[in-house]
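So the chains spell out like this:
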Amino acid sequence: MALLDIKKISLSFGGLTVIDNLSFGIEEHAIASLIGPNGAGKTSVFNCLTGFYRPDSGDILFQGHSLMKKNPHKITQGGMARTFQNLRLFKNMTVLENVMSGMHCRTTAGVWGALVHPGSQKREERHIRDVSEKCLDFVGILDAKDRPASSLPYGDQRRVEWARALATQPRLLLFDEPAAGLNYDEKDRLIQLIGRIRNELGITILLIEHDMGLVMRVSERITVIDYGHKIAEGGAEEIQNNPKVIEAYLGKEENGPA
Amino acid sequence: MTTDTLVSRTTGILGLIETHQKTLLVLFLAILIGIPAYANNYVLEVLANTWFYVILCLGLNIVVGYAGLLDLGYAAFFAVGAYTTGILTSRFGFNFWLTIPVAMAFATLAGVIIGGPTLRLRSDYLAIVTLGFGEIVRIAARNLKITGGASGLIGIDRPHFFGTELNQISHYYFVFLALALLAIFASYRLQHSRLGRAWQYVREDEDAAEAMGINRVAIKLYAYIIGAVFAGIAGCFYAAKMTAISPETFTFSQSILILLGVVFGGMGKIPGVVCGAGALVLFPEVFRGIGSMRLLVFAVVMLLVMLYRPQGIWPAQKS
Amino acid sequence: MSNLDIILQQLANGLILGSFYSLVALGYTMVYGIIKLLNFAHGDIYMVGAFIGFSILSVVSGILGDGWTGIVATMALSMIAVGFIGVIIQRIAYRPMLQAPRLSILITALAVSLILYNLVMSITDGEFKAFTVGLGYEGISMGEVYITFTQMVLVSATAVLMTILHLFINKTMYGKAMRAISIDQDACRLMGIDVNRVIAVTFFVGSALAAAAGVMAGVYYGSIHFFMGFVIGLKAFTAAVMGGIGSIPGAMLGGLILGLLESFGTQIPFIGSEWKDVFAFGILILLLVFKPTGLLGRTEIERM
């Protein structure tokens, strides 16, 4: 059984069809990509998966359970995490505090714990800190943990987002254009990181990306959509030679499938 | 003196305060406890009133400052506490202390009823709904038999504390001081907890918080209920102190006054909010002449604070 | 009175009340539509409109008399004056706050509301002011029901104002710019629209409509007071939400429905008039719980 199974979902906003009868699946431990020209509806697919949008029809199965009626926080709790296309860090908080947000759904202390500080609460706080620091270490910015998130350079802020998503301890991680705005070295490290997340942590990955070089290097399976409609699916080579894909991209994208 | 030297001196003083924090705190507490031995009743009344507003402002601060929700009917929760104690002691012969848990339960219930459905919506809707709720509570108190109608309740029992009837202003000075200290402690602990962080996440970016697995509605509801409970407890003791309550204590202006204390001092900052509450009570005492202009002055202050110093008068924390 | 008479009478009352609500609700909805601000001060603008109208009338009635000519002139002048007050408030208090967190701008709006309220209170010493007009009480009677010409003129005047507004929004450049800004402010800036100017015009129009309602209320009730804006502000907001906040036809419709609901609602035996405000707030809360997008509102799509 696939880890994620999207079944014929459709979504429209006031007459404009954004996702059109789209189906695809992701196997456990895969690194998959969702690509398509600008405005093809990729981020909308992510928003459907994470519960921010409700598809008008179809079904989304994650680990065999439907996500159609679940709120975003329930979906995250259920093991799917995401990053945002435009950075959405908690700007006035420190890097560590940002990452600690990911641990919220894995911990339980409430009002009583806050007021009385019983042993369980202290242990939990230490645990939150430990895991968060490990996540920061994993993406390589543990040194910056006490700095305000907004003071970091752009590339490092991206890494805070990844660490934050990792801290939710997901089974499936959705990256929304993780390479946007990164320089050549940073992209290289991103590719390594994606591999490490899958190989060392055993997390399945789905990414949306415009950088075709990167997509072709990391993805094992690629789904291409245009106007919310699936036009091709397969391995990197297959996709690169698919006439439909070439047509969809031709003249629209600078770095089309090279 | 140039601004620079002023700033460096202030930071110098702040630094001194920081290094001797514990000693200063003990000294300050000793002074607060010693005051009733020397002060006259007028001073005690004003100070007791100050502590009382510290509790209310800190309670509202949890809603406004921590969770970033605008509550314009906060006085309603204060009314819930005061009327619960009033009705239960004067009509049903309850012991005062037993009314506190009941009042807390009612405040929680009111918080859930009003917050549960509206916290899903945009924050400005909450503001107007709380405003409406505040008015509903006041109108209900005015028109119901059990609350004594427009003239309110009289003959509320004084509580006993280890055999002593609490009937002196100095007693209430200590009662409200203790409650205010408790409120400060609770606020501090809450702010620096998993829950406190979650409030800040939601305040900064609701969607990102939700994507991180935080149930924003539940988190806001927590803030709303805790705020309600603060006000409910304060209301119980208010009823005991006054022995009489009337609907006119729980008006929109009352809610606004409490909000002003929070905004003026600095939303989310405990020492700031305490100072804001103090300013609220002391200002009209010092400037007696302004009388009915008081709210006008307060409103202008509120506007100026928002325009020129939205973080409030209390300096920002160094990080 | 027969049941039919009661229904007719309440229908007339409800329409009048609804006209006031609609006019004030329009200001809420326009400002909300364009800068997503819940303008708490709007109810007080209505109140200020009534008092400005009162002052203008005392001068104008000496020249044009206190009949319809005088009142129409008063209304027009008040609308212009209060329109500018709205623009000034927007310029001083709201414009600097547009990029600030939502909570800050809401508190700012609240502060403006309190300033207007308390200012008028101290100027008028908290007294009622008699709004003296010489319109008489002629009207038409249908059975036991009596509807004055004043009532009819007021409802028609509302209809005229709304038609003008409708044309303004749909046919003029400013109206189009307003609608465009409510969809995407940044794009409008890029297209060379003077966004600040259009926002100012929106405040002018919204405030002028509230002033019209304020003067009409003075004419209708015969007296005005500094707290008249508080409850109507809340109710007009209810009306705006009922119609779907941001929607102009929604505000018109919501106002009329709320006016009628209130007018008939208070006829229910056990809801006395002291509970009528509770009735309106109750509707608001139920509405927000079950249909927060209102009758004509659209679900907002947030972009990630």
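Each value, and the rule that gives it
Residue indices follow the written sequence of each chain, beginning from 1 at its first position. Chain labels run from A onward and ligand labels from 1 onward, assigned in the order the entries are written. Owing to the predicted nature of the model, reporting of local features is limited to residues with pLDDT of at least 70; listing and counting of side-chain atom pairs is limited to 80 or more, with chain, interface and lining totals taken over all residues. To obtain the side-chain values, all non-hydrogen atoms of the structure were included, while hydrogens and water were left out. Secondary structure elements follow DSSP: runs of H or I of four or more residues count as helices, runs of E of two or more count as strands, with numbering from the N terminus. What the globule rule says is 2.2 Å times the number of residues to the power 0.38, and the radius of gyration is computed from C-alpha atoms. Residue burial is assigned from relative accessible area. The probe radius is 1.4 Å, only protein chains are included, and a residue is buried under 20% of its type maximum, exposed over 50%, and partly exposed in between. Contacts are assigned to residue pairs that have any heavy atoms within 4.5 Å of one another. Every accessible area reported is derived by Shrake-Rupley at a probe size of 1.4 Å, with residue values counting cover from the shown protein chains alone. Charge assignment in this entry is limited to Lys and Arg as positive and Asp and Glu as negative, and neither His nor the chain termini are counted. The atom standing in for a charge is NZ when the residue is Lys, CZ when it is Arg, CG when it is Asp and CD when it is Glu. Residues enter patches when they are more than 30% accessible in relative terms and free of salt bridges; like-charged ones are connected within 9 Å and nonpolar ones (Val, Leu, Ile, Met, Phe, Trp, Tyr) within 5 Å. A pairing counts as a salt bridge when a side-chain nitrogen of Lys or Arg comes within 4 Å of a carboxyl oxygen of Asp or Glu. Domain start and stop points were drawn from an automatic or database domain assignment. Computed with a 1.4 Å rolling probe, the buried area is the accessible surface lost when two parts are put together, summed over both parts. Side-chain atoms alone can form a polar contact between residues adjacent in sequence; in general such a contact is a pair of N or O atoms within 3.5 Å, and within protein one must be able to donate a hydrogen while the other accepts it. Strand pairing requires that DSSP identify at least two bridges connecting the strands. Lines are fitted to the C-alpha atoms to define the axes, a helix being fitted only along its stretch in contact, and any angle between axes, read from their N-to-C directions, falls within 0 to 180 degrees. When residues are sorted by character, Ala, Val, Leu, Ile, Met, Phe, Trp, Tyr, Cys and Pro go into the nonpolar class, Asp, Glu, Lys and Arg into the charged class, and all the rest, Gly among them, into the polar class.

Points about the overall build of chain A
- Along chain A, the regular secondary structure elements total ten helices and ten strands.
- Computed over C-alpha atoms, the radius of gyration of chain A comes to 19 Å, within 12% of the 18 Å expected from 2.2 N^0.38 for 258 residues, which places it in the range of a compact globule.
- Looking at chain A residue by residue over its 258 residues, the buried ones come to 57%.
- Long-range contacts, defined here as pairs at least 24 residues apart, represent 68% of the contacts in chain A between residues at least 6 apart.
- For chain A, the computed accessible surface area is about 11,100 Å², with 48% contributed by carbon and sulfur atoms.
- Between the centroid of the 31 positive side chains of chain A and the centroid of its 32 negative side chains there is a distance of 7 Å.

Regarding a nonpolar patch on the surface
Residue and element names in this part refer to chain B.
- A cluster of nonpolar side chains, Ile13, Leu14, Ile17, Leu24, Leu27 and Ile31, forms an exposed patch at the surface whose accessible area comes to about 530 Å².
- Secondary structure elements with two or more residues in the nonpolar patch: α1 (3-19) and α2 (21-38).
- Relative to the helices and strands, Ile31 resides in helix α2.
- The exposure class of Ile31 is partly exposed, given its relative accessible area of 48%.

A look at the domain arrangement of chain A
Residues and elements named next belong to chain A.
- Domain annotation of chain A identifies domain 1 (1-79 + 170-258) and domain 2 (91-168).
- The interface is formed by 21 residues belonging to domain 1 together with twelve residues belonging to domain 2.
- For domain 1, the biggest contributors to the area lost against domain 2 are Gln77, Pro170 and Leu193; these three give 29% of the whole.
- Here domain 1 and domain 2 share zero salt bridges between them.
- Between the two partners, domain 1 and domain 2, sit five residue pairs in polar contact (both at pLDDT 80 or more).
- If you list the elements that add at least two residues to the side of domain 1 that touches domain 2, you get α2 (72-77), β7 (172-176) and α7 (184-201).

What about the sheet that holds strand β3 (residues 31-35) of chain A?
All names here are of chain A.
- Ordered in space as β6-β7-β8-β3-β9-β10, the six strands form an open sheet in which the pairing is mixed. Where the open sheet ends on each side, the last strands, each with one partner, are β6 (80-82) and β10 (229-234). Along the sheet, successive strands turn relative to each other by an average axial angle of 20 degrees, direction set aside.
- When strand β9 (residues 221-226) meets β10, the two strands line up antiparallel, connected through five bridges. The partner of Ile222 across the bridge, within β10, is Gly234.
- Packing against the sheet, α7 makes contact with β3, β7 and β8 (204-208), and its axis sits at approximately 155 degrees to β8.

Notes on the pairing of strand β3 (residues 145-148) of chain C
Residue and element names in this part refer to chain C.
- Looking at chain direction, strand β2 (residues 139-142) and β3 are connected through four bridges and run antiparallel. Within the sheet, the bridge partner assigned to Met142 lies in β3 and is Val145.
- Counting the residues between successive antiparallel strands, the hairpin from β2 to β3 contains two residues, one of them, Gly143, with a positive phi of roughly 65 degrees.

Notes on helix α1 (residues 42-49) of chain A
- Of all eight residues in α1(A), eight are buried; the element is thus mostly enclosed.
- Residues of α1(A) that are buried include every one of A:Lys42, A:Thr43, A:Ser44, A:Val45, A:Phe46, A:Asn47, A:Cys48 and A:Leu49, and no others.

Section: the interface of chain B and chain C
- The interface is formed by 39 residues belonging to chain B together with 42 residues belonging to chain C.
- When the buried surface of chain B facing chain C is broken down by residue, B:Arg122, B:Tyr125 and B:Ile128 rank first, second and third, together holding 18% of it.
- Seen at the junction of chain B and chain C, the total is zero salt bridges.
- Where chain B meets chain C, there are zero residue pairs in polar contact (both at pLDDT 80 or more).
- Counted by class, the side of chain B that touches chain C contains 30 nonpolar, five polar and four charged residues.

A word on the environment of C:Ile34
All names here are of chain C.
- Locating Ile34 in the fold gives a position in helix α1 (residues 3-35).
- Looking at Ile34, the relative accessible area reads 5%, which means it is buried.
- Note: C-alpha distance between Ile34 and Val82 (48 residues apart in sequence) is 19 Å.
- Those residues in contact with Ile34 that sit more than four places away from it in its chain are Met178, Ile181, Ser182, Gln185, Val198, Ile199 and Thr202.

Looking at the interface of chain A and chain B
- At the junction of the two partners, chain A supplies 32 residues and chain B supplies 25 residues.
- Summed over both partners, the interface of chain A with chain B comes to about 2,600 Å²; 60% of that surface belongs to carbon and sulfur atoms.
- Three residues stand out in chain A for area buried against chain B, namely A:His73, A:Phe90 and A:His104, and they jointly supply 25% of the buried area on that side.
- Across the chain A-chain B interface, the total number found is three salt bridges.
- For B:Asp205, the salt bridge is made with A:Arg88, and the minimal N-O distance between the two is 2.7 Å.
- Inspection of the chain A/chain B interface yields 15 residue pairs in polar contact (both at pLDDT 80 or more).
- Mapped onto the side of chain A that touches chain B, the elements with two or more residues apiece are α2, α3 (95-100), α4 (111-116) and α5 (119-139) of chain A.
- For the side of chain A that touches chain B, the element with the highest residue contribution is α4(A), accounting for four residues.

Side note on the pattern of salt bridges
- Tallying each qualifying case throughout the model produces 22 salt bridges over all chains.
- Measuring nitrogen to oxygen at the nearest pair gives 3.2 Å for the salt bridge that ties A:Lys145 to A:Glu133. Here A:Glu133 lies in helix α5 and A:Lys145 lies in the loop between α5 and α6 (154-167), a separation of twelve residues in the sequence.
- Its relative accessible area of 22% is what places A:Glu133 among the partly exposed residues.
- A single salt-bridge network, built from bridges that share partners, covers B:Glu135, B:Arg138, B:Arg142 and B:Glu248.

Here we look at the sheet that holds strand β1 (residues 4-13) of chain A
Residues and elements named next belong to chain A.
- Taken together, the four strands give an open sheet; going across it, the order is β2-β1-β4-β5, and neighbouring strands pair in antiparallel fashion. At either end of the open sheet lies a strand with only one pairing partner, and these are β2 (16-26) and β5 (65-66).
- Sheet topology note: the strand β4 (residues 57-62)/β5 ladder contains two bridges and is antiparallel. What sits directly across from Phe62, in β5, is His65.
- Sheet contacts for α1: β1, β2 and β4; angle to β2, the most-contacted strand, approximately 65 degrees.

Quick notes on the pairing of β2(A)
All names here are of chain A.
- In the sheet, β1 pairs with β2 via seven bridges, with the strands oriented antiparallel. Note that in β2 the partner of Leu11 across the bridge is Ile19.
- Counted between consecutive antiparallel strands, the loop separating β1 from β2 contains two residues, among which Gly14 sits at a positive phi close to 50 degrees.

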